[in-house]
Amino acid sequence: MRRPGVLAAVIAVVCALVTGCGPDLSGTRVRIAAGLNGGVYDKLAEALADAWAAQLGTERPEIQETQGSPDNIDRVRAGKAEVAFVAADVAAARSAGLAALARVHDDYLHVIVRADSPIKSFAQLRGRKVAIGSPDSGVEFLSNQLLKASGLTGGIDRRNLGLPEALPALENRQIDAVIWSGGLPTPSITEKVHTVGLRLLDITDLADALRATSPVYRTATIPVTAYNLPSPVTTLVLPNFLVVPTSMRDDVAEALVRGLFDARDQLVKAAGAALSIDVHPAIETSPLPLHPGALRYFRSLKD
C-alpha cells in the first residue's frame with residue numbers, strides 16, 4: 001500500500017509537468033496603478049495587463065491612470081489597486097504594508113535648462129522658476145529631496161508641471177528649468193534638444209547629500225550620446241519597483257512575477273525602459289522586502 005506522502009509527491013511531479021495543473025487564479029482581480037496616460041508606467045502596465053490576462057486565464061487587469069508613485073501607494077494601501085509601479089525612493093519612505101514583486105527599470109534624474117541659459121549649476125536656480133513635476137508625482141517627491149539637499153527649499157519659484165507642460169514652458173522662457181526623472185533617452189527631451197537646444201546640469205556636488213536622504217539613490221552618468229551633450233553629466237539613478245500589498249496570496253504573487261518575465265519581449269515593444277528588466281537585478285528591491293511569492297519564483301530559477 002502506497003504511503004500518502006509518496007502519493008502526494010507523485011501528484012506534485014505530475015502537476016509540474018501537465019499544463020493547467022498550476023494555481024487556479026480564475027476570479028482573481030488585478031488592478032494596476034500605473035501613472036499618467038502615455039507615460040512609461042502606463043505603457044508597461046497596458047502590455048503587462050494583456051500578458052497577464054493571456055497567461056493566467058484571468059480577466060484583463062484594470063489600468064488606473066494616476067498622478068504617480070505617491071498616488072499609487074495610496075491606492076494599494078486603500079485596497080483600490082493590487083499592483084503598482086512605484087519609484088524606489090517613494091517606496092522606501094512609505095514601505096509599511098508593502099512588498100515588491102521585482103525591480104523593473106531605472107530612471108535618471110534630469111535637471112534641464114535651455115542651451116542658451118546662463119545657469120550652469122543647481123545652486124544658480126535660486127530665485128528661478130522651476131518645474132518640479134505634477135502634484136503627488138514621484139518627480140515632485142524627488143524634486144523635494146533635491147531641493148532639501150541643496151538648501152533651496154523655499155528658494156525657488158516652484159511650478160507643479162509635468163514634462164508635457166514643462167518643456168513647452170521652458171521653450172517659451174516661461175520657466176527657467178525642469179526637474180524630471182525618466183529613462184535614457186526620454187523621447188520628448190530628445191525632440192526639444194534638436195528643436196530648441198537644451199542642456200543638463202551636473203549634480204556632482206549634491207550627490208553625497210542626496211544619497212544620505214535615501215539608500216536607493218546611486219550616482220550615474222548620462223553619456224554624451226544620450227542627448228548630444230557637450231560633455232557627460234553626473235546625476236542620480238533611481239530604480240522602480242512593482243509593488244503589491246503584503247497580504248497578497250503567495251501563489252498570486254508568484255504567478256504575476258513569472259508572467260512579468262515571460263512577457264519581457266512584449267514589454268520591450270511597449271517601452272524601451274523594459275530593456276533593463278532582468279531576473280538578476282530584479283531581486284534588488286531593498287529596503288522594500290520581496291513578497292514571499294516573488295522570492296519563491298526567483299528561488300525556482302536556481303533549482
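Residues numbered from 1 in each chain as written. Predicted model: local features only at pLDDT ≥ 70, side-chain atom pairs only at ≥ 80, totals over all residues. Heavy atoms only, no water.

Chemist: What exactly am I supposed to notice about the overall build of the protein here?
Modeler: Across its full length, the protein holds 13 helices and ten strands. Each principal axis of the C-alpha atoms in the protein carries an extent, and together these give about 85 × 35 × 35 Å. The burial tally for the protein puts 49% of its 303 residues in the buried class. Restricting to contacts in the protein with at least 6 residues of sequence separation, those with at least 24 account for 75%. One way to put it: in the protein the 31 positive side-chain charges average out to a point 3 Å from where the 32 negative ones average out. (Helix = DSSP H or I, 4+ residues; strand = E, 2+ residues; numbered from the N terminus. Buried < 20%, exposed > 50% of the residue type's maximum accessible area, 1.4 Å probe, protein only. Contact = heavy atoms within 4.5 Å. Lys, Arg positive; Asp, Glu negative; His and termini not counted. Charge placed at Lys NZ, Arg CZ, Asp CG, Glu CD.)

Chemist: How do you make sense of the side chain of Ser 143 when you look at a structure like this?
Modeler: Looking at where Ser 143 falls in the secondary structure, it is placed in helix H5 (residues 138-150). The exposure class of Ser 143 is buried, given its relative accessible area of 0%. Of the polar contacts made by the side chain of Ser 143, one reaches the backbone oxygen of Ile 132; its length is 3.0 Å. Aside from chain neighbours lying at most four places away, what touches Ser 143 is Ile 132 and Ile 179. (Polar contact = N/O pair within 3.5 Å; in protein donor to acceptor, adjacent residues only side chain to side chain.)

Chemist: Got a minute to help me understand the confidence of the model for the protein in this structure?
Modeler: Segments scoring low in pLDDT should not have their predicted coordinates read at a detailed level. Within the protein, residue pLDDT values average 90, and 91% of them lie at 70 or more. Note on residues 1-21: pLDDT is under 50 here. Beyond four places in sequence and across chains, it has one contact. (pLDDT = per-residue confidence, 0-100.)

Chemist: Quick question: what am I supposed to make of H5 here?
Modeler: One turn of the α-helix equals 3.6 residues, which is why residues spaced by three or four share an orientation. Over its 13 residues, H5 runs 18 Å from end to end, which matches the ideal 18 Å to within 8%, given 1.5 Å per residue. Regarding H5, the residues found buried are Gly 138, Val 139, Glu 140, Leu 142, Ser 143, Gln 145, Leu 146 and Leu 147. Gly 151, located one to two residues past H5, shows a positive phi value of around 75 degrees. (Expected span 1.5 Å × (residues − 1).)

Chemist: Hey, could you run me through unusual backbone geometry in this one?
Modeler: What you tend to see is this: most non-glycine residues have negative phi, and most peptide bonds are trans. In the segment running from Leu 184 into Pro 185, the intervening peptide bond is cis, with an omega of -15 degrees. As for its placement among the helices and strands, Pro 185 is situated in the loop between strand S7 (177-182) and helix H7 (187-195). Omega for the peptide link from Ser 286 to Pro 287 comes to 10 degrees, which places this bond in the cis form. As for its placement among the helices and strands, Pro 287 is situated in the loop between helix H12 (279-282) and helix H13 (292-300). If you check the backbone angles, Asp 136 has positive phi at about 65 degrees while not being a glycine. In this structure, Asp 136 sits in the loop between strand S5 (129-131) and H5.

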